[in-house]
Amino acid sequence: MSLQLTVACIKMDRPEIAAKAIEVAEKRISQDKWPEYYDTKRGRFIGKQSRLFQTWSIAGYLVAKLLLADPSKAKILITEEDSELVNAFSCMISAN
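Residues numbered from 1 in each chain as written. Predicted model: local features only at pLDDT ≥ 70, side-chain atom pairs only at ≥ 80, totals over all residues. Heavy atoms only, no water.

## A word on the side chain of Ser57
Next up, step 1: Residue position: Ser57 is located in helix 3 (residues 55–69).
Next up, step 2: When its relative accessible area of 8% is taken as the criterion, Ser57 is described as buried.
Next up, step 3: Here Pro35 takes part through its backbone oxygen, which lies 2.9 Å from a polar atom of the side chain of Ser57. (Helix = DSSP H or I, 4+ residues; strand = E, 2+ residues; numbered from the N terminus. Buried < 20%, exposed > 50% of the residue type's maximum accessible area, 1.4 Å probe, protein only. Polar contact = N/O pair within 3.5 Å; in protein donor to acceptor, adjacent residues only side chain to side chain.)

See the structure below:
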C-alpha cells in the first residue's frame, strides 16, 4: 500500500480509492512478508528483487491507515502546485 497514493487520493477528495487499495493490501501484505514491491500490472507477484520485511512498507501502510482515519493530517504532506510551472509544462505538452 502506497502512502503516496493515499495522500494523492485525499488531496483529490477521493479517499475511497485509497481505502479500497488498503483493503486489497490487507488481504495479503503481511502473509507476503511486507515486500518492497509487487510486479506486473495487477501487482500479483512479489518483485524478483524485492526485499522482505521492509520497515518502510509497514510504516507506509500504518500511516496510510492513520491518514484515512483523519484526512486532515495529510495537510503536512500536501503542497500546492506552482501555477507558473504547471502552465509551462502545459504549454510544452500542447506544443508537442
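## Side note on the pattern of salt bridges
Next up, step 1: Counted according to the given criterion, the structure contains five salt bridges.
Next up, step 2: Note that Arg28 and Asp32 form a salt bridge whose closest N and O atoms lie 2.9 Å from each other.
Next up, step 3: On the accessibility criterion, Arg28 (25% relative accessible area) is partly exposed.
Next up, step 4: The class of Asp32 is buried, set by a relative accessible area of 13%.
Next up, step 5: For Asp70, the salt bridge identified is with Lys73, shortest N-O distance 3.9 Å.
Next up, step 6: A residue is classified by how much of its surface remains accessible, and Lys73, at 52% relative accessible area, is exposed. (Salt bridge = Lys/Arg side-chain N within 4 Å of Asp/Glu carboxyl O.)

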